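Residue-level listing of the chains:
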Amino acid sequence: MQPIWAGGGGEHPVEVYSESSSNNPKLSPSYPQRVSLSFLTNQNSSRELKTSSNSHLDSQNNSSSDDKPSSWFLESDSEAETQEKSKEMASFDSRRSRLQKQKEPSSSSESSSRSSAEPSMAESANPPGGGKNTPPKDFVCPITTHLFDDPVTLETGQTYERKAIQEWLDRGNSNCPITRQRLHSTQLPKTNYVLKRLIASWKELNPNLIPIQFDSVSDQVMPSTSPNSVISQASMEGLVSELRIAITKLCTSEILTESEMAVLKIERFWKEANLDIEIQNLLTKPPVINGFVEILFNSVDSRVLTATVFLLSELGSRERAVIHTLTRVDSDVECIVALFKKGLLEAVVLIYLLRPSLNNLIEMEMVESLLTTIKKNNDSFVTMCLNPKSVSVFLLGRIMGNSEESYVSAIAQTVISSNGVESIIGSLEAEWAEERIAAVRILLQCMEEDGNCRNIVADKAELAPVLESFLGASDGERFEIVHFLSELVKLNRRTFNDQILQIIKDEGSFSTMHTLLVYLQTAPQDHCPILAALLLQLDLLEEPRKMSMYREEAIDTLISCLRNSAFPVAQVAAAETILGLQGRFSSSGKPLLKSILLKRAKLDKRYKSLVSRWSAETLEEEKAAEEWERKIAFVLASHEFGLLFEALAEGMKSRYVELSSACFVAATWLVHMLSVLPDTGVRGAARVCLLRRFVSIFRSAKDMDDRALSMLALSSFINDPEGLHDLTTHMKDIMRGLRELKKSSVMAIEMLKVLSEGNESSADLWNHKELVQVDCSMHGEVLSIVCLKNKIISGHSDGTIKVWTGKGSILHPIQEIREHSKAVTSLAVLQPGDKLYSGSLDRTIRVWSIGGEVMHCVQVHDMKDQIHNLAVANSISCFIPQGAGVKVQSWNGGSKLLNPSKYVKCLALQQGKLYCGCQDNSIQEIDLATGTLSNIQTGSRKLLGKSNPINSLQVHDGLIYSASTAIDGAGVKIWSTSNYSMVGSLPSTVDVRAMTVGSELIYLGCKGGLVEVWSRDNHNRVETLQTGNHGKLNCMTLDGDENVLVTGTSNGHIQAWGLI
């Protein structure tokens, strides 16, 4: 009889060995049918476990058997079965141990005896279906299929004919034809003289190339002159016979325990008999492989399953035909994957050897099992041809390197959340280069998904093995390594980034910078920006030199990528790379350049919301960061006399938003740095390339951040005399933008001051346009007016309060209130602007809620006296009564008369100080907390019977502005609140009746209906506005942005002017 594992069609069938002809009935030449995975998962074992041939015969008369657990790895052997296995294994171990002792070499003759036996052992290792004229397959080149003439063994362990493998390499291949593993060196080794001698010996014994056939394994052992060798041959003969019996049972027995026992025997023989080369051909035949697969389908013994996976992995790693056998049936692969996902972690080696496609790998859904394997210690695995942990890292890296972005992101989150990052970091030091590169790929994706794990990688990773992987890697793998290293230097500590850069520069057995330079010269366009940035940073670890080959090549590459409109991806990458070169990053690795520039534009609130505070080493880190920024900005701006500015200017015009935005921020940064760097002659180049573009953005951008950044860039040009001269043609646009920004940025105010002082004709900088005029004379005079948000509120002499909203060139009345019985003389708004106070000649102060859509009165205070002018604070109100003095009224009801000897015409309340402008032209300051009265200006007697009262009083930025008739040639005088000295005046010659003061301009309302506009800084008149009517100006106010002036007149007109 011929066992199924021996193969069919051979001329010399191999005898099947049995332990005892009486104990073993004749076995069927077929093996059990396989069961589906769903049946394995949902049902009990498909086989009934048999412990003897008698139980097998008995089962034919029984319709049922004991149920067994369906768990994959449950130890299900009964006590009797365990004892039987133990007896058989003990018998096998006894013979094996005797063989081991006999195999120990006692002399060189024994070694030569074993060597001389190798040709004969190889003769039986013919491939399936081979005839007697077929030479041993180990003597045949797998490429030429002829006997070796000049055999060479590669680093993968595979042997080829020298001419054949040389031709393979000459065609551009760099991997092993059989294993597909990448070769670290394509230089062929010396001839395998041992194999060549064996072939020569075989040829002498077989001159006609007809191999000698033996009827048994014992015939294959050549005679030895040593007695110990004779004993060894006899023991070997017996052990091989037992192996044959085990193989026969594996392939033909229908008793599961016998098949399981056979697997364990084969495993031990493989591990300890050291005859894997000789027995390989016995075990790689398809029937034997199918027998192992049947064990995987039906066994629930974890020891047996582990042994089976071990054997299939060992065989598959040596013989590709084993893999072909396993992949013929999809259910075989599915079974192996199911076992791995159920916890048989060694099965991952077999899955790797099956070389599944990427789609199949994804469909297997093994990520969690791969992570479980990766996090295990190596000691927990069986020693195999490949390390399960290494294989798992490789497979996970392959999945993450070629899948959709969303799927990769989900896997990275799983790796991070399962604390798998540290385990993968350990693979960076692996001996297997593919494992190191896979670990780089996984960690890179994790850092991009969650930048916070960057600190863990930077702290624990050994970079020397990663750098060693660079030379033997493909272009794609090289870029992954460079990208990985670039991400590592995005920590939020500048000193740490410098340390890592130094490690990258110094570690490894080759020059990192030279290797990167060579790679940069041939790298794909989209890889160049990141590669150039890393090379540039390594070069700048030392103080910048006058010339550097690495630096010049890196910056030239960045500029080339920026200008290459055929590759928008590379353009964006180059611009964003420049942003990162500034060197400051958030804890998640995001560049902070834009936020830092906003801070420098003095938008502190915006900056603080985007940038976390520095750690305890603030000073050290800040110093290191500033030093790096100056260094990198200097080399970028100085390269080829500012060539980078030209490239950035082109990028700012791009239709791609990402590119134009990144180029805008980068250009702003470099232009700003020109003001703190030594001038190397590139400021002119920057001005020529970028000035007009910055002005355009500053004038038209709607985003506040963009306007602030362009303002920061323009401030650098203002500090340069030539730049200030070039700005004159754009002065109006710049001034308008600065006025809009002055409440958000202190820098805008500073620039306004510089531009106003540096311009000979201030009038050219200020222009107003009439927006709207309405006639509400039916309500009498307009006595008071305020602007609040987008509303205008006016008080009239008939007691009416009107609320207006402006749309276009029309004021629309949205509410009219008549609750005061007499004239509304004063309107005051108390911050935060949700309440309005109205004072009237009807002796009341009304409090209005103005937070909603309509205004309504919430409180009425009876003041017992007419209110001619009103100022309010949180707890008090101050008003001018009918007679002398000023009344201070507490909201709780108490009142007090201050300054009773003076007839007060106007007043102002500022920081607990009350300022009084009187009919006799005197000015007093009263401290409301202490009651102390101080004279700022003494009164004067009437001249020619006419009084000269203070008509308006304003306090602004520590200065008191008083307006009156220009008898002495100064209609407005300016006083200091600190020492009461006069610090200036406005030489207006008109009778000033009303006044309002802004941050830059002073508006004077005159008796004849004119409005004079004066510069607050240089006290020059810049414009005169014609109201178009002859009524006197009773009141005026500015809106919150100081862009709109609103006036009220004695003939009932309201008029608005806009600053353009």
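Look up: the structure comes first, before these words.
Owing to the predicted nature of the structure, the values given are computational and were not obtained by experimental measurement.

Rules used throughout
Residues numbered from 1 in each chain as written. Predicted model: local features only at pLDDT ≥ 70, side-chain atom pairs only at ≥ 80, totals over all residues. Heavy atoms only, no water. Salt bridge = Lys/Arg side-chain N within 4 Å of Asp/Glu carboxyl O. Helix = DSSP H or I, 4+ residues; strand = E, 2+ residues; numbered from the N terminus. Buried < 20%, exposed > 50% of the residue type's maximum accessible area, 1.4 Å probe, protein only. Phe/Tyr/Trp six-rings, centres within 6.5 Å; stacked < 30°, edge-to-face > 60°. Pairing = 2+ DSSP bridges. Axes fitted to C-alpha atoms, helices over the stretch in contact; angles between N-to-C directions. Core = buried A, V, L, I, M, F, W, Y, C linked by side-chain atoms within 4.5 Å. Contact = heavy atoms within 4.5 Å. Polar contact = N/O pair within 3.5 Å; in protein donor to acceptor, adjacent residues only side chain to side chain. Expected span 1.5 Å × (residues − 1). Arc of directions from axis to C-beta.

(A) Highlighting the pattern of salt bridges. The tally for this structure, following the rule as stated, stands at 28 salt bridges. The closest approach of N and O atoms between Glu-629 and Arg-600, which form a salt bridge, is 2.9 Å. Of this pair, Glu-629 sits in helix H31 (residues 618–638) while Arg-600 sits in helix H29 (residues 593–600); the two residues are 29 residues apart in sequence, bridging distant segments of the chain. For Glu-629, a relative accessible area of 2% puts it in the buried group. Classification of Arg-600 as partly exposed rests on a relative accessible area of 22%. One salt bridge in this structure joins Asp-920 and Lys-902, with 2.8 Å as the shortest N-O distance.

(B) Local environment of the packing of aromatic side chains. Under the counting rule described, the total for this entry stands at eight aromatic pairs. Seen in terms of ring centroids, Phe-139 and Trp-202 are 6.3 Å apart; in terms of plane orientation they differ by 75 degrees. Their pairing is edge-to-face. With Phe-139 in the loop between helix H4 (108–123) and strand S1 (151–153) and Trp-202 in helix H6 (residues 193–205), this residue pair connects regions lying 63 residues apart in the sequence. Taking relative accessible area as the criterion, Phe-139 reaches 2% and is therefore assigned buried. Trp-202 gets classed as buried once you look at its relative accessible area, which sits at 1%. With 6.1 Å between their ring centres and 50 degrees between their planes, Phe-664 and Phe-694 make a pair best called tilted. Placement of Phe-664 in helix H33 (residues 657–674) and of Phe-694 in helix H34 (residues 683–700) is noted, with a sequence separation of 30 residues between them.

(C) Representation of the pairing of strand S27 (residues 1021–1026) within the structure. Looking at chain direction, strand S26 (residues 1010–1015) and S27 are connected through five bridges and run antiparallel. Bridge pairing in S27 places Leu-1010 opposite Gln-1026. Between S26 and S27, which pair antiparallel one after the other, the connecting turn spans five residues, and His-1019 there sits at a positive phi close to 60 degrees.

(D) Region of interest: the sheet that holds strand S16 (residues 904–910). In space, the four strands of this open sheet follow the order S16-S17-S18-S19, with antiparallel pairing throughout. Both edges of this open sheet fall to S16 and strand S19 (933–937), since each of them pairs with a single strand only. Put simply, the sheet's adjacent strands are angled 25 degrees from each other on average, direction ignored. Sheet topology places strand S18 (residues 923–927) next to S19; four bridges connect them, and they run antiparallel. Across the sheet, the residue bridging to Ile-926 is Leu-933, located in S19.

(E) Up close: the sheet that holds strand S8 (residues 824–830). Here we have four strands laid out as an open sheet, ordered S8-S9-S10-S11, and antiparallel in their pairing. Single-partner strands in this sheet number two, and they are S8 and strand S11 (856–862). Mean inter-strand twist for the sheet, computed between neighbouring axes without regard to direction, equals 20 degrees. Relative to strand S10 (residues 844–849), strand S9 (residues 835–840) runs antiparallel, the two being bridged by five bridges. Within S10, the position partnered with Lys-835 by the bridge is Ser-849.

(F) Just the nonpolar core, in detail. Of all hydrophobic cores here, the largest spans 204 residues; its most connected members are Leu-396 and Phe-484. Ranked by residue count, the leading element in this core is H33, at 12 residues. Those residues in contact with Phe-484 that sit more than four places away from it in its chain are Leu-428, Val-440, Leu-443, Leu-444, Met-447, Val-457, Leu-463 and Val-466. Of all hydrophobic cores here, the second largest spans 17 residues; its members include Phe-139, Phe-148, Ile-165 and Leu-169.

(G) Examining the environment of Gln-924 more closely. The residue Gln-924 is located in strand S18 in this model. Sequence spacing of Gln-924 and Ile-936 is 12 residues, and the spatial spacing of their C-alpha atoms is 5.5 Å. A polar atom in the side chain of Gln-924 sits 2.9 Å from the side chain of Asn-899.

(H) Spotlight on helix H18 (residues 405–417). The first and last C-alpha atoms of H18 sit 18 Å apart over 13 residues, in line with the 18 Å expected at 1.5 Å per residue. Three or more residues of H18 are buried, namely Val-408, Ser-409, Ile-411, Ala-412, Val-415 and Ile-416. For H18, the angular spread of the buried residues around the axis is 165 degrees, confining them to a single face. Those residues of H18 that are exposed and angled more than 90 degrees off the buried face are Ser-406 and Ser-417.

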